[in-house]
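Fold and contact review
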Amino acid sequence: MDHVRLWRMQQEFRWLLISLLAQFLLGMVANLWVVIPARHPGTHAANYFLGLLQGIPWALASSNLFLRLHIAVGVMLWVLATLLLIEAIRWHDRSMGSGCHGVGGHYGSGL
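Attention here is on the structure that accompanies the text. (Residues numbered from 1 in each chain as written. Predicted model: local features only at pLDDT ≥ 70, side-chain atom pairs only at ≥ 80, totals over all residues. Heavy atoms only, no water.)

Some remarks on the environment of Met 28
The cut-off we apply is this: What counts as a helix is a DSSP run of H or I of at least four residues, what counts as a strand is a run of E of at least two, and both are numbered from the N terminus. A simple rule labels every residue: compare its accessible area, found with a 1.4 Å probe on the protein chains alone, to the largest value its type can have, and call it buried under 20%, exposed over 50%, or partly exposed in between.
The topology assignment puts Met 28 in helix α1 (residues 3–33). For Met 28, a relative accessible area of 41% puts it in the partly exposed group. Counting along the chain gives 42 residues from Met 28 to His 70, while the straight-line C-alpha distance between them is 9.5 Å.

A word on α1
For clarity, the cut-off: Here the expected length of a helix is defined as 1.5 Å per residue gap, with one fewer gap than residues.
In this model, α1 (31 residues) spans 45 Å end to end at C-alpha, consistent with the 45 Å of a helix rising 1.5 Å per residue. Taken together, the buried positions of α1 are occupied by Met 9, Glu 12, Leu 16, Ser 19, Gln 23, Leu 26, Gly 27 and Ala 30.

Overview of the packing of aromatic side chains
Filter applied, for reference: To pair, rings of Phe, Tyr and Trp, with the six-membered ring standing in for Trp, must have centres within 6.5 Å; the planes then decide the type, stacked if under 30 degrees apart, edge-to-face if over 60, and tilted in the middle.
Per the stated rule, a full pass over the model turns up one aromatic pair. Here Tyr 48 and Phe 49 contribute two aromatic rings whose centre-to-centre distance is 5.3 Å and whose plane-to-plane angle is 80°, an arrangement assigned as edge-to-face.

Points about the pattern of salt bridges
How we decide: We define a salt bridge as a side-chain nitrogen of Lys or Arg found within 4 Å of a carboxyl oxygen belonging to Asp or Glu.
Inspection of the entire model under this criterion finds two salt bridges. With its nearest N and O atoms 3.4 Å apart, the salt bridge here joins Glu 12 to Arg 8. One end of the pair, Glu 12, and the other, Arg 8, are both in helix α1, four residues apart, so they sit about a helical turn from each other. The salt bridge partner of Glu 87 is Arg 8, with a shortest N-O separation of 3.2 Å. With Glu 87 in helix α3 (residues 65–91) and Arg 8 in helix α1, this pair connects stretches of sequence that are 79 residues apart. Under the relative-accessibility criterion, Glu 87 is labelled buried at 4%. Taking the relative accessible area as the measure of exposure, Arg 8 reaches 36% and is therefore partly exposed.

These figures capture arrangement, not role.
Written as structure tokens, this is what we have:
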């Protein structure tokens with residue numbers, strides 16, 4: 001792996017770590033001070049992914065600022081982890097690939 005590509009991947013991982021910290025803090029604020037109604041779009045969907053497709057737009061459009069930021073940072077984390085996973089597959093790096101896959105798993109469990 002050349003030095004430029006290695007430096008770029010290190011920068012992407014730094015952004016990923018900063019985003020994870022922001023996501024953790026925003027999640028704590030959202031859990032402590034944001035009240036989410038018991039009934040909202042996506043609450044009792046028959047399919048988990050269908051519920052996500054209904055719940056995320058609702059939360060972005062009509063919820064508290066902290067919940068909106070929490071969702072936006074979570075989506076950004078998922079995109080970053082997916083891009084890094086693709087790069088890890090291209091470079092045949094199993095350790096980096098499994099770490100990025102883990103971020104994707106946590107994203108799914110957080111929603």
